[in-house]
Amino acid sequence: LKPEAIALGAFGGIALLATLLIAGQIIGRLLRSRAGENRALRSIGASPAMIVSDEVIGITGAVVIGALTAGVVAVALSPLAPLGPVRPYYPFPGLSFDWTVLGFGTLGFVAVLFALSLLLAVHGAPHRLATVTRRNSRRESNLATTASSGGLPVSAVVGIRFAFEPGADNAPVRSATLGATLAIVVVIATVVFGSSFSALVSHPALYGWNWTYALEGGGGIGDVPQHSAAALLKHDKQVSAWSGYYYAYLEIDGYTVPVLGGTPRSPVAPPILKGHGLDGPGQIVLGVATLAQLHKNVGDRVGVSFGGTSPKNLLIVGTATMPAVGIGGVTGHLEMGTGAIVDYRLIPPTVRNQADTTPLGPNAIFVRFAPNVATSSARQQVNLIARELSLPSNFGVQVLAVQRPAEIVNYRSAGVTPTLLSSTLAVGAVGALGLMLVASVRRRRRDLALLKALGFTQRQLAATVAWQSSIAVLIGTFVGVPAGIVLGRFLWDLFAREINAIPAPSVPVLPVALIAIGALLLANIVAAIPGRIAARTPTALVLRAE
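Just so you know, these numbers come straight off a predicted model, no measurement behind them. (Residues numbered from 1 in each chain as written. Predicted model: local features only at pLDDT ≥ 70, side-chain atom pairs only at ≥ 80, totals over all residues. Heavy atoms only, no water.)

Draft legend 1. Representation of the overall build of the chain in the model. In terms of helices and strands, the chain carries 19 helices and 10 strands. Expressed as a percentage of the 546 residues in the chain, the buried residues total 45%. In the chain, 79% of the contacts between residues at least 6 apart in sequence involve partners at least 24 apart. About 26,400 Å² of surface is accessible on the chain, with carbon and sulfur atoms providing 65% of the total. (Helix = DSSP H or I, 4+ residues; strand = E, 2+ residues; numbered from the N terminus. Buried < 20%, exposed > 50% of the residue type's maximum accessible area, 1.4 Å probe, protein only. Contact = heavy atoms within 4.5 Å. Areas by Shrake-Rupley, 256 points an atom, 1.4 Å probe, with all protein chains shown as cover.)

Next comes the structure, spelled out in structure tokens:
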């Protein structure tokens, strides 16, 4: 369940950030819509503090009601949770909630949005708004000037100006761009995270299985005849390398730990996360979780013993992603973060040869085939070798394909759920972009009415809004794509380290490119409604005071 919990936690962080940004956009839109009323209050003697207090109190009340309503909805939806493989075993299938999370979460949410409302209200107060309006009215976009001199249609030039210049009406141009950037960041980060998850599952070396097949004697307690196996593997041109290992449990600083007993500098060994592999008899490589359990670091020393034998002082030279192999027992077998690799001679001979059979050999041989060998061909060849090595004394040699640990077995539930939730969040971000465009069109009613009076057709007005939306999304794409890739890689690195896998994030180039192109197409679709609003702007009513 750990991968799913971590993945949902990562999504929760994205959702929190996105929700705060979207809520901030809505609060800013509400405050801007009251600019006219605030100027009237200011003209009849209301102080800036009175106006700011009036705005913040109303918004805070709305935030409190919204947060409480969200808590009620969350409790009502709790019978649908938890998601994933734990659901059949969850002991509280009905209404269930955590007052600590809901209580402190609601208070924190209200406090952050209160601070944001206060900041935006002070920034948009009438005594400051006049200065901002004068500055905005003088601000011109160099890009719009370049577009005009470059011969672009007048609707394109005006749309570019709308995208960059707030104008005298202080239209929310930054909010539209921020909404587009947020939507793209969420989608790209989700795609990178999902692609990295698929890459992890499809590349066993990333979770400890750094070979093609394993030949295991008697379920891990028998011996694989070493000399016979070496002769067979050496003459097989499809085999690139192999190494023998023993399964055992050793006492490491008082803790019973499953270990792989191998030969120093073995050509086939679990992948190293930090430091280096086993180079000599006085060294040990640990799993990350085992290293933390021992409260040690790479470079420290530990005492290793078996039963009453005198402990050997070994140097910790690295950490590795351990494979899910070994003999199951009370203390468990090796896992991605649990276990150790030691020199096989530290394991007593009676333990290495538990069944007291001959010929002697390791409990398992990890075999790596050449990269160009087909999977079916490799399987057939390793099956033939296993039959040659099977004896009554070793209870038969079995062929083990990739052994996936629990973290990987349950990857589907961990991968699909955050993707669905993040997709829903992306839809919300796109909706926020649409709201910002509608708000921008409403704030631009005077400008649009003037354009109609000057001869703009309905098609030109709709094209102006489409250009404004496309420019906002284009900027969001240039910023959001790299930011989403960085965020997705960062979250994946955290996730991989938490489950003790090799952090190898995957960035799917084609899906990212398609998302960037699709965002521009979506921008024009989203702009259709505000475009129709712009086209139907009543010129006479808007300009009656001119």
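Draft legend 2. Region of the structure containing the nonpolar core. Formed by 21 residues in total, the largest nonpolar core has its most connected members in Leu 200, Trp 492, Phe 495 and Ile 499. Listed by contribution, the elements that provide at least two residues to this core are helix H1 (2–33), helix H8 (173–202) and helix H16 (458–498). With six residues, the single largest contributor to this core is H8. Ranked by size, the runner-up nonpolar core spans 19 residues in total, among them Ala 214, Tyr 247, Leu 334 and Ile 341. (Core = buried A, V, L, I, M, F, W, Y, C linked by side-chain atoms within 4.5 Å.)

Draft legend 3. Seen up close, the packing of aromatic side chains. Enumeration according to the criterion identifies 12 aromatic pairs in this entry. On the numbers, 5.2 Å between centres and 45 degrees between planes, the contact of Trp 209 with Trp 211 is tilted. Of the two residues, Trp 209 and Trp 211, both sit in the buried class. Taken together, a centroid distance of 6.4 Å and an interplanar angle of 90 degrees make the contact between Tyr 213 and Phe 369 edge-to-face. Note that Tyr 213 is positioned in strand S1 (residues 213–217) and Phe 369 in strand S9 (residues 364–369), a separation of 156 residues in sequence. Neither Tyr 213 nor Phe 369 differs from the other in exposure class; each is buried. Linked through ring pairs, Phe 193, Phe 197, Trp 492 and Phe 495 together constitute an aromatic cluster. (Phe/Tyr/Trp six-rings, centres within 6.5 Å; stacked < 30°, edge-to-face > 60°.)

Draft legend 4. Seen up close, the layout of surface pockets. What the largest pocket holds in volume is close to 1,900 Å³. Around the largest pocket sit 43 residues that line it, and Phe 11, Ala 70, Ala 74, Val 101 and Leu 102 are the ones nearest its centre. By residue class, the composition of the lining of the largest pocket is 31 nonpolar, 11 polar and one charged. (1 Å grid on protein atoms, 1.4 Å probe; cavity = no way out; pocket = protein on both sides within 12 Å on 5 of 7 lines; lining within 4 Å. Points joined across faces, edges and corners; volume = space filled by probe spheres on them. Nonpolar A, V, L, I, M, F, W, Y, C, P; charged D, E, K, R; others polar.)

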